[in-house]
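The lines below spell out each chain.
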Amino acid sequence: MSSGAAPFDVASVLREVKMIRAEGLVRIRDLSLPLLRQAAAARSAAVTDAWPVEVENLLRTAVSGLGGGDLQEAAGLTLGLVPGMRDRPAADRRRLAAKVYSVSVERFRKSHEEMVLGQIAEQVCWIAGTQGRDIDASHVPLLAPYLQHRALRVGPVSLTLHVHPVELLRAVDVIVSPLNTHLSLPEMYKASVPAALRRAGALRGATGDVIADPVHDELLDWRAGNGLRGRPVLPGTVAPTGPGALAARGVRRIYHAAVTVPRSGTNDYDVTPQDVTAASARVLALMDEEREGLGLPLRSVCFPLLGAGRGGLPPQTSISALWAALTADTAQDRDVHLVVRRPSLADLVTDVLGARRLHQADDESPDNEETRHRCV
């Protein structure tokens, strides 16, 4: 380990996460959090006096990666990341988190809390891409090994496959966000693509509190302007909004693609490959319309696996349906990107498309600007 290096492992990060649990988000500035500060600075590509906000955003991203359910809910409550909880005493947060698991406060403290906080620490280490290794405090870009970009070719078509959370995209004109046919955005603390984009697009004050929710508000305006208050749109509809705070990352538009149809009286959804193809084709057409009608220089677009989350569509079906729209696209200057969270999904996408890797080393080379410039 070089001089000044700090061990960036789960146990070390867990100690800092526990400090935040005990003191609360409002006391972050008073705490010694060298590892979380470094990871947050690398994630934001900036070192500013607002580092407590960046640490909080790092923790929000980590919690959003827990996959939903009781674990994610308890994690959000434990750290005070749930709306209205940031200034609550540690005892109150622990009591509410214990209720999630229907256990006593004492049992939660001795068992569940350690597991919950450990999972958060695991996510932070995974995000930083440095789990099990030492880092030098003099080097800021901790995320480079974690942020993967695969340059692929499928027949005559070239595209970029990103392997990281969608909110880390940078310098992509349009990000596509899957949504239900009611065009209802999930809460910011949820673990989904639309929740992550809403969270990343929110405007925050110096303390980290949300002071404006532009993505949500513009989507409401779009629904009202199209006479859609109180009723759903047809599957395949795409609603455009601005990017909110993501504009600082070079994002120009978010296209909300209605691909999931809620089943009445349940928490389930229906998605068809045909609707994914229709929505994807509409995205491409809308890019052309807004480029011509609004004068927006929209050239690059990034798709997640539409319908493959809560919609339940198999990932291989989602990518095949998307590819049907992309291969029918007549635009010659489109810069196409795909984004998934996990390398295993990236491997699946590559296999389904029968894609050929153009640059095998892109995943590992943090110094290759061509592979890094579209994210943090």
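The structure under discussion appears in the preceding block.
Residues numbered from 1 in each chain as written. Predicted model: local features only at pLDDT ≥ 70, side-chain atom pairs only at ≥ 80, totals over all residues. Heavy atoms only, no water.

## Comments concerning the side chain of Arg-198
Among the secondary structure elements, Arg-198 is positioned in helix 7 (residues 193-201). Non-local contacts of Arg-198, meaning those with residues more than four positions away in its chain, are made with Leu-185, Pro-186, Glu-187, Met-188, Asp-213 and His-216. (Helix = DSSP H or I, 4+ residues; strand = E, 2+ residues; numbered from the N terminus. Contact = heavy atoms within 4.5 Å.)

## Points about the pattern of salt bridges
For the structure shown, the criterion picks out 22 salt bridges. As a salt-bridge pair, Arg-150 and Asp-347 come within 2.7 Å of each other at their nearest N and O atoms. Here Asp-347 lies in helix 11 (residues 343-353) and Arg-150 lies in strand 3 (residues 148-154), a separation of 197 residues in the sequence. The class for Arg-150 is buried, based on a relative accessible area of 5%. Within this structure, Asp-288, Arg-291, Asp-329 and Arg-334 form a network of salt bridges that share partners. (Salt bridge = Lys/Arg side-chain N within 4 Å of Asp/Glu carboxyl O. Buried < 20%, exposed > 50% of the residue type's maximum accessible area, 1.4 Å probe, protein only.)

## What about the nonpolar core?
Membership of the largest hydrophobic core comes to 40 residues, with the highest contact counts inside it found for Val-13, Ile-20, Leu-36, Val-55, Leu-59, Leu-79 and Ile-120. Where this core is concerned, the elements lending two or more residues are helix 1 (10-23), helix 2 (34-44), helix 3 (51-64), helix 4 (69-79), helix 5 (90-100) and helix 6 (105-128). Residue contributions to this core peak at eight residues, all from helix 6. Discounting chain neighbours no more than four positions away, the residues touching Leu-79 are Val-17, Ile-20, Arg-21, Leu-25, Leu-59, Arg-93, Leu-117 and Ile-120. Grouped together as the second largest cluster of nonpolar side chains are 36 residues, Tyr-255, Phe-303, Leu-305 and Val-336 included. (Core = buried A, V, L, I, M, F, W, Y, C linked by side-chain atoms within 4.5 Å.)

## Some remarks on the side chain of Ser-64
Tracing the sequence through the fold places Ser-64 in helix 3. The class for Ser-64 is buried, based on a relative accessible area of 9%. Among the polar contacts made by the side chain of Ser-64, one reaches the main-chain carbonyl oxygen of Thr-61 at a distance of 2.7 Å. In this structure the side chain of Ser-64 is engaged in a polar contact, spanning 3.4 Å, whose partner is the side chain of Arg-199. Those residues in contact with Ser-64 that lie beyond four places of it in its chain are Gln-72, Glu-167, Lys-190, Ala-191 and Arg-199. (Polar contact = N/O pair within 3.5 Å; in protein donor to acceptor, adjacent residues only side chain to side chain.)

## Here's the deal with the packing of helix 5 against helix 6
Two numbers describe how helix 5 lies on helix 6: the axes approach to 9 Å, and their chain directions differ by 80°. Compared by their axis directions, helix 5 and helix 6 come out roughly perpendicular. For the pair formed by helix 5 and helix 6, the contact residues are Arg-94, Arg-95, Ala-97 and Ala-98 on the first element and Val-105, Phe-108, Arg-109 and Glu-113 on the second. (Axes fitted to C-alpha atoms, helices over the stretch in contact; angles between N-to-C directions. Parallel < 35°, antiparallel > 145°, perpendicular 65-115°, else oblique.)

## Quick look at the packing of helix 3 against helix 4
Two elements in contact, helix 3 and helix 4, have axes whose closest approach is 9 Å; the angle formed by their N-to-C orientations is 160°. Considered as vectors, helix 3 and helix 4 are oriented roughly antiparallel to each other. As for how helix 3 packs across helix 4, the hand of that crossing is right-handed. On the side of helix 3, the interface is formed by Leu-59, Val-63 and Ser-64, while helix 4 contributes Gln-72, Ala-75, Gly-76 and Leu-79. Here the contact of helix 3 with helix 4 is composed, by residue class, of four nonpolar, three polar and no charged. (Left-handed = near helix turned anticlockwise from the far one by under 90°. Nonpolar A, V, L, I, M, F, W, Y, C, P; charged D, E, K, R; others polar.)

## Quick notes on the packing of aromatic side chains
Aromatic ring pairs are described here by two measures, namely the spacing of the ring centres and the angle between the planes. Evaluated as defined, the whole model comprises one aromatic pair. Stacked on the ring of Trp-51, the Lys or Arg Arg-37 has its end atom at 4.0 Å from the ring centre. (Phe/Tyr/Trp six-rings, centres within 6.5 Å; stacked < 30°, edge-to-face > 60°. Lys NZ or Arg CZ within 6 Å of the ring centre and 35° of its normal.)

## As for the environment of Leu-58
Summarising the element assignment, Leu-58 is placed in helix 3. For Leu-58, a relative accessible area of 1% gives the class buried. Through-space distance from the C-alpha of Leu-58 to that of Arg-37 is 9.3 Å; in sequence the pair is 21 residues apart.

## Considering the pairing of strand 12 (residues 335-340)
Within strand 12, six of the six residues are buried, leaving the element largely enclosed by the surrounding structure. Side chains Asp-335, His-337 and Val-339 project from strand 12 onto one buried face, and the interleaved Val-336, Leu-338 and Val-340 project onto a second face that is buried too. Pairing of strand 4 (residues 157-163) with strand 12, which is carried by four bridges, proceeds in the parallel orientation. Paired with His-162 across the strands is Val-339, a residue of strand 12. As judged from the four bridges shared by strand 11 (residues 300-303) and strand 12, these two strands associate in the parallel manner. Considered in strand 12, the bridge of Val-301 is made with Val-336. (Pairing = 2+ DSSP bridges.)

## So, unusual backbone geometry
Excluding glycine, residues mostly have negative phi values, and the peptide bonds linking residues are mostly trans. We note that Ala-171 has phi near 60°; this positive angle belongs to a residue other than glycine. For Leu-183, which is not a glycine, the phi torsion comes out positive at approximately 50°.

## Quick word on the environment of Leu-234
Checked against the element boundaries, Leu-234 lands in the loop between helix 8 (214-225) and strand 8 (238-241). For the pair formed by Leu-234 and Asn-180, sequence separation is 54 residues and the distance between their alpha carbons is 9.9 Å.

## Observations concerning helix 6
With 24 residues, helix 6 should reach 34 Å at 1.5 Å per residue; the first-to-last C-alpha distance of 32 Å fits that figure. Largest kink in helix 6: about 45°, centred on His-112. (Expected span 1.5 Å × (residues − 1). Bend = angle between axes of the 7 residues up to and from the residue.)

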